[in-house]
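Listed here are the chains, written in short residue letters.
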Amino acid sequence: MFEDTCIEGLLEAAIVMQKGQLARESVKTNTTSIDGEQAIGPGRHNHYYYFFLAVDDICNKTFFRILWVLLLLFCISGSPIDLKANFFKILSRPQWVLYQYHVDFKPVMESRRLRSALLFQHEETLGKARTFDGAILFLPHRLHNSTVLYSETRMGEKVQITVTLTNELPPTSPVCLQFYNIIFRRVLRMLNMQQIGRHYYNPTDPLNIPQHRLTIWPGFTTTILQYESSIMLCTDVSHKVLRSETVLSFMLELRHRTGEQGFTAACTKELVGLIVLTKYNNKTYRIDDIAWDYTPNNTFKRGDSEISFKDYYKTQYSLDISDDHQVLLVSNVKKAGPSGRPPPGPALLVPEFCYLTGLTDKMRADFNIMKDLSTHTRLTPEQREGRLNRFVGNIHRNANAQAELTTWGLNFDNKLLSLKGRVLPAERIFSLALWHLQYEYNPWQADWSKEMRGIPLISCRPLENWIMLFTPRNVDVAQALLQTLNRVSKPLGIPMQKYEDRQESLLKALQQNVNPATQMVVVVLPSNRKDKYDSVKKYLCVDCPTPSQCVVARTLSRQQALMTVATKIALQMNCKMGGELWSVDIPLKQLMIVGIDCYHDTAAGKRSIGALVASLNHGMSRWFSKCVLQSRGQEIMDGLKGALQGALKAWLKHNKCLPSRIIVYRDGVGDGMLQSVVNYEVPQIMGCIKSMEQKYEPKLTVVVVKKRISSRFFARIDGKLTNPPPGTCIDTEVTRPEWYDFFIVSQAVRMGSVSPTHYNVVYDSSGLKPDHMQRLTYKLCHMYYNWQGIIRVPAPCQYAHKLAFLVGQSIHREPNTNLDDFLYYL
Amino acid sequence: MMNSIFTPPVYIQRHEFVVDFVKKNKPKKVIDLGCSNCTLLRKLKFHREIEVLAGVDIDSDVIRNIMYALAPIPSDYLQPGDHPLTINLYQGSVTDRDPRTKGFDLVTSIELIEHLQLEDVDMFTEVVFGYMAPVAAIISTPNADFNPLLPRLTGFRHPQHRFEWTKAEFQTWALKACREFGYVVEFTGVGQIQGQEESIGFCSQIGVFQRVRSLSDASCRQGDVTEERLPYRLLYDVVYPSLCDNNIFHRTLMNEVLYWAETLRKGQMVTAGQGGEHTERLEERMEREESQTGGEQQCGRREVNEELEGQTTAQGHEEPYRAGRSVCIPLARLWSCPRVQALSGTVQHLKEVLLDDPRVEVTEDDTVMVLAGDEEDDDEDPELDENINNAETDQSLDSSVENKDWEIDLG
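Residues numbered from 1 in each chain as written. Chains lettered and ligands numbered in written order. Predicted model: local features only at pLDDT ≥ 70, side-chain atom pairs only at ≥ 80, totals over all residues. Heavy atoms only, no water.

Observations concerning the overall build of chain B
For the record, the criterion: Where helices and strands are cited, they refer to DSSP runs of H or I of at least four residues and of E of at least two residues respectively, numbered from the N terminus. Using a 1.4 Å probe on the protein chains alone, a residue whose accessible area is under 20% of its type maximum counts as buried, one over 50% counts as exposed, and one in between counts as partly exposed. Any two residues having at least one pair of non-hydrogen atoms within 4.5 Å are treated as being in contact. All accessibility values rest on the Shrake-Rupley procedure with a 1.4 Å probe; residue burial counts only the protein chains present in the view.
Of the regular secondary structure elements, chain B holds 15 helices and 12 strands. The 411 residues of chain B split such that 51% are buried. Restricting to contacts in chain B with at least 6 residues of sequence separation, those with at least 24 account for 73%. Element-wise, carbon and sulfur atoms account for 48% of the exposed surface of chain B, whose accessible area totals about 19,500 Å².

Take a look at the structure:
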């Protein structure tokens, strides 16, 4: 069990109390809005603060304060660690309030610009610091409740302006936070940074990867939010990939490569979905389509007359179009037109004046490009801290920026936030079903591939009937693999089949040689060409359900690494057939862990793929997996309901009962989707569980897992800023007051800065202590069988990701149900 | 009111008039007096033959609100212009002498003078023609003769106008200025109504002034800036990236060179395995022949090359080849890329840049060796989770989203 100190026993009463409170609070979180409408006191999820709240209720303060200190010292597992985080506190004057006014014009003025001009004639009343959008005015100071001003238009028309105070906004109000963000954007612009999309980048010192015509601009992501106890700026280094070529030159090159025939299709595939930057203004557009029958000679209506694109750019921007035959790009502008009119309809763009930004899917899949990029963009913790400090330093030094901030009475702290975290204890890895064999790993490396050597696995599938396919050219590597496999596992007698290096022949070889008794198919691929891999997986996951193992010949060609590779392959093959490798102690009974992830297929038909993976046994070593394909616009959970029921049935079959606790880790939730997970998915999950049996009410927890976050943590160890050790858990200061959330750094990285994972418990009826929730989460990060170490998310999330990715990338259909009980997608 | 009678609106016509003048006369330094919200400057910044663009206005708030609209945009960095461009915005009065306004090729003063007190106009004339002394000046002002044609107009067109001149008054003033400061003027204007009486003229009358005398260098170029009083306050100063900046030039050219080297290498890999050795032999031979002829000129070498090519196959020495992990490309081959040629101008210049860059080496026989980095061609195995924990890249290289309009307009 968890640390059984007697102190914990002593405090049991207190914990029970805290648990009750927690359960109440979670329900509240679940039912009230998540957008943080109201000002919120100290953190509720974080259980010592939490406990403190409960204590206040009781009044016997002194006694409980002591208990609280004891709790802090002993009850929470893990050793404390001093951390720094990429947050800067916002310092404002005490009692700072933003005043919101409504502004009325009499007679009514149509033009927003005119309204601003008229209002700003009264600088002596309003002051220099003001923000006005045409109707709402923000000022840092108070006017009389209702102020009437008189202005005059250029035409001499007299206008009466009434300014009425409508609201006094405390710093924590959402409007105020949005306002902070706007002020901050102004400040960034003053630092001569370029806005692309939502973030700001520094164009003066670009990194270039000329081989791929890529230009990378360093910049920063910034958000100002209300965190646990204060409003802070969270800023992280970000890089923007731009292409120093226009869409036109990209299209010409593509045509050169594909020829006239395949050009249309290839062009659509490569370009649609990309974001372009125009040459003449500072706007970005998403390419939604290509107007194949439009050229710059076509005309559009401008005012009352028709003008050709060519003439328009010539007169408007003095830009000449060199290629009259280029087809135009279509972008559906979503933003509403002036004064709330409907969007103006699709914009047509001239490829010659558009620069590509970001990476194409093809580039993302190109390992070499990604490697080049990461060598340029990866920063060690010290480099990262340096950049962040320079950034905030620049803001402090820039006179204009300071002037802007001061007029509003704001400023930023000049150093990174310091806070305390805890390092959760390292887990023991169990190896035999009998649990008597266990080993530990080096907590800094978070990897046990060495420790595992020579230790038997929990369960091994005998490999009796399997085949290996390879091309004549790869006879040598296939033989080498076979020999090494024999060395790493027990000797196997295997019939070996050759196949020709052609797709049809590969398929034919599969059809002729794979039969229902075949346990495993190993295919040595001559290259990592996707089509071959896809056809193997399609056939063996759908048509003829058989676990399969693909390996690229190149991987086997390095002699010195062959032993390691063969070991990994042997373990992987074992898992795919239902073998179990290791386990950790899970101190909860009848617990089912569920992982959900989805994959959005942008290329083919825009379908979404949802994957659900659920544990089948206590040791979390057997999993049930299901994947569903959804058409666009359909909620992912609709399809996964059936999958969850399937998982519960499978659990019932394996355990002869239904689980009494279910914890769902939901990955793949975008920022805007959190609310829909809470409002829609949680009730769906509950309904689905209830439908299993009458009066079946297991304890349920739903945790949203987020990997792509901009929070970073650094530890100072031996005077050097480093990554925090695996197991570092953070649940104070940088968490959100309205959520039950925490961060865990579970993985170890060899290069760059580690990225923590954010966990947000959006529903919880389990009564588990936050500490136990955190430790359980961390334990699950140990359980991914394709990596002999700790990974950044709980294993079921990674399994679900892997499954969704395989189906979305290669299979495009629902895999055969015979495979449900196997980790065939590893 | 005026804007509805004319298409395009008369203020646009005035700006187009200036733009046409700029296109025709290609001034390098342009200053706009009374730039207000910089509409004209924002149009002019697209004319990259202009190297210095300045604006002056008495109202600093209006400039501060708009000045960032004159900042370079991302594409200016992605494809730096050939010419430099500096934009300066000043707060100041056109009746003050600031040495930084001297030496311009064009001064524009669009619908400005009518906002001055009549007694200040002489001062303005003296400052513009006598002190700034530009090569040319475009000065526009309302034509009072035209006012009866404007519906519902009583008094001046704008409450802040101090005066509005008739055609005759404007011309008298202009001709006097010409006599005094050595200019010639041509009268024209923008904004006419169909069927109006021709003699009334234009809605906005414009005088285009050209300097007759050329001034001595000392008085026409700014230079002694430090010694003089600077009554104008510099509010905004931005230098656009351009190829005239040595670092930018170097970077742009090298990016192009390395891109082509990579493209040629890829092309080579397709035909790899044939004639690698052959190529090296040819190189030796080329060296030998070169040593016989001694210090050849560039063109001479070209001849040798062509001669050699005649004797060899298509994969002759003009083709790149690999030496170890580096790629070797004959300089002439790189030079043949039009973009490289356009950027560097001469082979010699290209070579100088290449010699300066640690990523390439230029051998004695003018072969450019693109040194391989420490990367290896590596494929990712689809089933081995090699990089499971190093997901840093996909986060920071987030694909961009469309601009969301966060900004509450500042008015």
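Observations regarding unusual backbone geometry
Cis geometry is found at the peptide bond from Lys 106 of chain A to Pro 107 of chain A, where omega equals -5°. Among the secondary structure elements, Pro 107 of chain A is positioned in the loop between β3 (98–106) and α5 (112–119). Residues other than glycine seldom take positive phi values, yet Glu 733 of chain A does so here, at roughly 55°. Residue placement: Glu 733 of chain A occurs in the loop between β36 (728–730) and β37 (741–745). Here the phi dihedral of Lys 26 of chain B falls at roughly 45°; this positive angle occurs in a residue that is not glycine. One can find Lys 26 of chain B in the loop between α2 (10–25) and β1 (29–33).

Considering the state of the cysteines
Counted only if it meets this: Note on disulfides: each one is a pair of cysteine sulfur atoms within 2.5 Å.
Counting across every chain of the model gives 0 disulfides over all chains. This cysteine, Cys 688 of chain A, is not joined by any disulfide, and Cys 627 of chain A carries the nearest cysteine sulfur, 17 Å off. The exposure class of Cys 688 of chain A is buried, given its relative accessible area of 3%. You can see Cys 337 of chain B has no disulfide; the closest cysteine sulfur is in Cys 328 of chain B, sitting 16 Å from it.

Quick word on the packing of aromatic side chains
Short version of the rule: Any pair of Phe, Tyr and Trp rings, taking the six-membered ring for Trp, is counted once the centres come within 6.5 Å. Such a pair is stacked with planes under 30 degrees apart, edge-to-face with planes over 60 apart, and tilted for the rest.
Using the criterion set out here, one finds 46 aromatic pairs over all chains in the structure. Considering the side-chain rings of Tyr 312 of chain A and Tyr 317 of chain A, the 6.2 Å spacing of their centres and the 80° angle between planes classify their relative orientation as edge-to-face. In terms of burial, Tyr 312 of chain A and Tyr 317 of chain A fall into one category: buried. Geometrically, the ring pair formed by Phe 170 of chain B and Phe 187 of chain B is edge-to-face, given 5.8 Å between the ring centres and 70° between the ring planes. In this pair, Phe 170 of chain B sits in helix α7 (residues 167–181) while Phe 187 of chain B sits in strand β6 (residues 183–190), placing the two residues 17 residues apart along the sequence. Three or more aromatic residues link up through ring pairs in this structure, and these residues are Phe 129, Phe 163, Trp 165, Phe 170, Trp 173, Phe 181, Tyr 183, Phe 187 and Phe 209 of chain B.

Regarding helix α9 (residues 309–317) of chain A
Residues and elements named next belong to chain A. Cut-off, in case you're wondering: Relevant arc is that of directions from the helix axis to the C-beta atoms, nothing else.
Taken together, the buried positions of α9 are occupied by Phe 309, Tyr 312, Tyr 313 and Tyr 317. Angular distribution of buried residues about the axis of α9 spans 90°; they occupy a single face of the element. Following α9 by one or two positions, Ser 318 adopts a phi angle in the positive range, close to 55°.

Description of the nonpolar core
Going by this rule: In these notes, a set of buried Ala, Val, Leu, Ile, Met, Phe, Trp, Tyr and Cys residues joined through side-chain atoms within 4.5 Å is what counts as a nonpolar core.
Trp 582, Ile 593, Ile 663, Tyr 665, Met 773 and Tyr 799 of chain A are the most contacted members of the largest nonpolar core, which has 79 residues in total. Sort the elements by how many residues they give to this core and helix α23 (residues 795–811) of chain A lands first, with 9 residues. If you look at the next biggest cluster of nonpolar residues, it comprises 77 residues, including Leu 40, Ile 63, Ile 206 and Val 208 of chain B.

Thoughts on the sheet that holds strand β19 (residues 346–349) of chain A
Strands pair in a sheet through their backbones, by hydrogen bonds, and they do so in one of two ways: parallel or antiparallel. All names here are of chain A. Heads up, the condition is: Any two strands between which DSSP finds at least two bridges are classified as paired. Think of each axis as a best-fit line through the C-alpha atoms, taken over the contacting stretch in the case of a helix, with angles from 0 to 180 degrees between the N-to-C directions.
A sheet is described by the order of its strands in space; here 3 strands give the open sequence β15-β18-β19, paired in antiparallel fashion. Of all the strands in the sheet, the pair left with one neighbour each is β15 (289–291) and β19. Taken over all neighbouring pairs, the strand axes of this sheet differ in orientation by 35° on average, direction set aside. Examined bridge by bridge, strand β18 (residues 328–332) and β19 share 4 bridges and lie antiparallel to one another. Bridge pairing links Asn 332 to Pro 346 in β19.

With respect to the environment of Leu 214 of chain A
Residues and elements named next belong to chain A. In this structure, Leu 214 sits in strand β11 (residues 214–226). When the C-alpha atoms of Leu 214 and Leu 242 are compared, they prove to be 5.9 Å apart, with 28 residues separating the residues in sequence. Once residues within four sequence positions are removed from consideration, Leu 214 is found in contact with Leu 207, Asn 208, Ile 209, Val 241, Leu 242, Arg 243, Leu 359, Met 363, Ile 369 and Leu 373.

Here's the deal with the pattern of salt bridges
Between side chains of opposite charge, a pair can form when the charged atoms approach closely. Short version of the rule: For this document, the term salt bridge refers to a Lys or Arg side-chain nitrogen within 4 Å of an Asp or Glu carboxyl oxygen.
Tallying each qualifying case throughout the model produces 29 salt bridges over all chains. For Arg 142 of chain A, the salt bridge is made with Glu 168 of chain A, and the minimal N-O distance between the two is 2.5 Å. Pair noted here: Arg 142 of chain A is in the loop between β5 (136–139) and β6 (146–152) and Glu 168 of chain A is in strand β7 (residues 158–169), with a separation of 26 residues, a long-range link. When its relative accessible area of 37% is taken as the criterion, Glu 168 of chain A is described as partly exposed. The partner of Arg 359 of chain B in a salt bridge is Asp 357 of chain B, with the nearest N and O atoms 3.1 Å apart.

Concerning the packing of helix α7 (residues 174–190) of chain A against helix α13 (residues 399–407) of chain A
All names here are of chain A. Where we set the bar: Any angle between 65 and 115 degrees counts as roughly perpendicular, while under 35 counts as roughly parallel, over 145 as roughly antiparallel, and the rest as oblique. Note on convention: near helix rotated counterclockwise from far helix by under a right angle means a left-handed crossing. Clockwise means right-handed. Each residue receives one of three labels: charged for Asp, Glu, Lys and Arg, nonpolar for Ala, Val, Leu, Ile, Met, Phe, Trp, Tyr, Cys and Pro, and polar for the others, Gly being one of them.
Viewed as axis vectors pointing N to C, α7 and α13 meet at an angle of 165°, and their least axial separation amounts to 8 Å. Between α7 and α13, the angle falls in the class roughly antiparallel. The element α7 and its partner α13 pack so that their crossing is right-handed. The segment α7 lies against α13, with Ile 183, Arg 186, Val 187 and Met 190 engaging Asn 400, Ala 401, Glu 404 and Leu 405. Each residue belonging to the contact of α7 with α13 can be placed in one class, and the counts come to 5 nonpolar, 1 polar and 2 charged.

Side note on the pairing of strand β13 (residues 275–278) of chain A
All names here are of chain A. With burial as the criterion, each face of β13 is covered, one bearing Ile 275 and Leu 277 and the other bearing Val 276 and Thr 278. Bridging between β13 and strand β14 (residues 284–286) involves 3 bridges; their strand directions are antiparallel. Residue pairing in the sheet places Ile 275 in a bridge with Arg 286 of β14. The hairpin formed by β13 and β14 contains 5 residues between the paired strands. Sheet topology places β13 next to strand β20 (residues 354–357); 4 bridges connect them, and they run antiparallel. Bridged to Ile 275 within β20 is Thr 357.

Some thoughts on the sheet that holds strand β5 (residues 136–142) of chain B
All names here are of chain B. If you walk across this open sheet you meet the 8 strands as β6-β7-β5-β4-β1-β2-β3-β8, and the pairing is mixed. Taken across any chain shown, the strands that pair with only one partner, and hence form the sheet edges, are β6 and β8 (233–240). When the angles between neighbouring strand axes are averaged without regard to direction, this sheet yields 15°. Across 6 bridges, the pairing between strand β2 (residues 52–57) and strand β3 (residues 85–91) is parallel. Paired with Val 56 across the strands is Tyr 90, a residue of β3. The sheet strands contacting α7 are β5, β6 and β7 (204–211), and the helix crosses β6 at an angle near 155°.

From the geometry alone we can't say anything about function, so treat these as descriptive.
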